[in-house]
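The residues making up each chain are set out below.
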Amino acid sequence: MATQPSTAAIESASSSETSLGPNGNVIALIAYLFSPLTGVLVYFLEQDNEFARYHGAQSVVFGLSVIGLYVALTVVMLVLGVVAGAIPVLGVALEMLLWLVSLLVSLVLWLGVFLAWLFLVFKAYQGDVVHIPVVTPVAQKYLL
């Protein structure tokens, strides 16, 4: 098992050149733009800069986590809608209430995801290493 580079070593690579051209912080920002797609591209195409690869790997796991969360929420709401629709008389009212709750949860979730994404883009461009509680350990274990 290879040893992980230290946070200080990764951060120092943020202003150094990359095999893709621009500095590491610009490539790290690009990794988050259309996560997880751009994260995959940065992760596989960048060979020299550990900072950019770190953010590419984190972008992949972050993007896939958001997609998984959205799919899980959709499945749960569909199942609950089918169950509520099967109840006679109250089914329509329950479905409408469930739709409203689903809409509110989705809005809050997407606002949170957007703010987290914006934070990650900003910090990557500043040259900072951000540790996301569940995402970073997964990215470090399986991708870095």
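Since the structure is predicted, the reported quantities are computational estimates derived from the model, not experimental observations.

Caption draft 1: Main features of the overall build of the protein chain. A count of helices and strands for the protein chain gives 6 helices and 2 strands. Ordered by position in the sequence, the α and β elements of the protein chain form the string α-β-β-α-α-α-α-α. Sorting the 144 residues of the protein chain into buried and exposed places 35% on the buried side. Taking as baseline every contact in the protein chain between residues at least 6 positions apart, the subset at least 24 positions apart corresponds to 69%. Surface accessibility of the protein chain: about 8600 Å² in total, with carbon and sulfur atoms responsible for 77%.

Caption draft 2: Just the environment of V61, in detail. Along the chain, V61 turns up in helix 4 (residues 50-85). Separated by 74 residues in sequence, V61 and V135 have C-alpha atoms that sit 6.0 Å apart. With residues near it in sequence (within four places) discarded, V61 still touches V135, V138, A139 and L143.

Caption draft 3: The packing of helix 2 (residues 24-33) against helix 4, seen in detail. Where helix 2 contacts helix 4, the axes come no closer than 8 Å and their chain directions differ by 10°. Between helix 2 and helix 4, the crossing angle belongs to the class labelled roughly parallel. Contacts between helix 2 and helix 4 involve G24, N25, I27, A28, A31 and Y32 on the former and, on the latter, F51, A52, H55, G56, Q58 and S59. Counted by class, the contact of helix 2 with helix 4 contains 6 nonpolar, 6 polar and no charged residues.

Caption draft 4: Fine view of the pattern of salt bridges. Applying the stated criterion across every chain yields a total of 1 salt bridge. Linking K123 and D128 is a salt bridge whose minimum nitrogen-to-oxygen distance equals 3.1 Å.

Caption draft 5: Summary view of the environment of L73. Locating L73 in the fold gives a position in helix 4. If we skip the residues at most four places from it in the chain, L73 touches V105, S106 and L109.

Caption draft 6: View of the nonpolar core. Residues Y32, F62, L120, I132 and V135 are the most contacted members of the largest nonpolar core, which totals 18 residues. Those elements that place two or more of their residues in this core are helix 2, helix 4, helix 5 (91-126) and helix 6 (135-142). Among the elements that take part in this core, helix 4 stands out by supplying 6 residues, more than any other. If sequence neighbours within four positions are ignored, I132 has contacts with Q58, F62, L120 and P137.

Caption draft 7: Representation of a nonpolar patch on the surface within the structure. Taken together, the side chains of I87, V89, L90, L94, L97, W99, L100, V101, L103, L104, V105 and L107 define a hydrophobic patch exposed on the protein surface, amounting to about 1100 Å² of accessible area. Inspection of the secondary structure puts L103 in helix 5.

Caption draft 8: Seen up close, the packing of aromatic side chains. Scanning the entire structure with this criterion turns up 3 aromatic pairs. When the ring of Y43 is compared with that of F44, the centres are 5.1 Å apart and the planes differ by 75°; the resulting orientation is edge-to-face. Taken together, a centroid distance of 5.6 Å and an interplanar angle of 50° make the contact between Y70 and W110 tilted. Placement of the pair is Y70 in helix 4 and W110 in helix 5, with a sequence separation of 40 residues.

Conventions and cut-offs
Residues numbered from 1 in each chain as written. Predicted model: local features only at pLDDT ≥ 70, side-chain atom pairs only at ≥ 80, totals over all residues. Heavy atoms only, no water. Helix = DSSP H or I, 4+ residues; strand = E, 2+ residues; numbered from the N terminus. Buried < 20%, exposed > 50% of the residue type's maximum accessible area, 1.4 Å probe, protein only. Contact = heavy atoms within 4.5 Å. Areas by Shrake-Rupley, 256 points an atom, 1.4 Å probe, with all protein chains shown as cover. Axes fitted to C-alpha atoms, helices over the stretch in contact; angles between N-to-C directions. Parallel < 35°, antiparallel > 145°, perpendicular 65-115°, else oblique. Nonpolar A, V, L, I, M, F, W, Y, C, P; charged D, E, K, R; others polar. Salt bridge = Lys/Arg side-chain N within 4 Å of Asp/Glu carboxyl O. Core = buried A, V, L, I, M, F, W, Y, C linked by side-chain atoms within 4.5 Å. Patch = residues over 30% accessible without salt bridge, like charges linked within 9 Å, V, L, I, M, F, W, Y side chains within 5 Å. Phe/Tyr/Trp six-rings, centres within 6.5 Å; stacked < 30°, edge-to-face > 60°.

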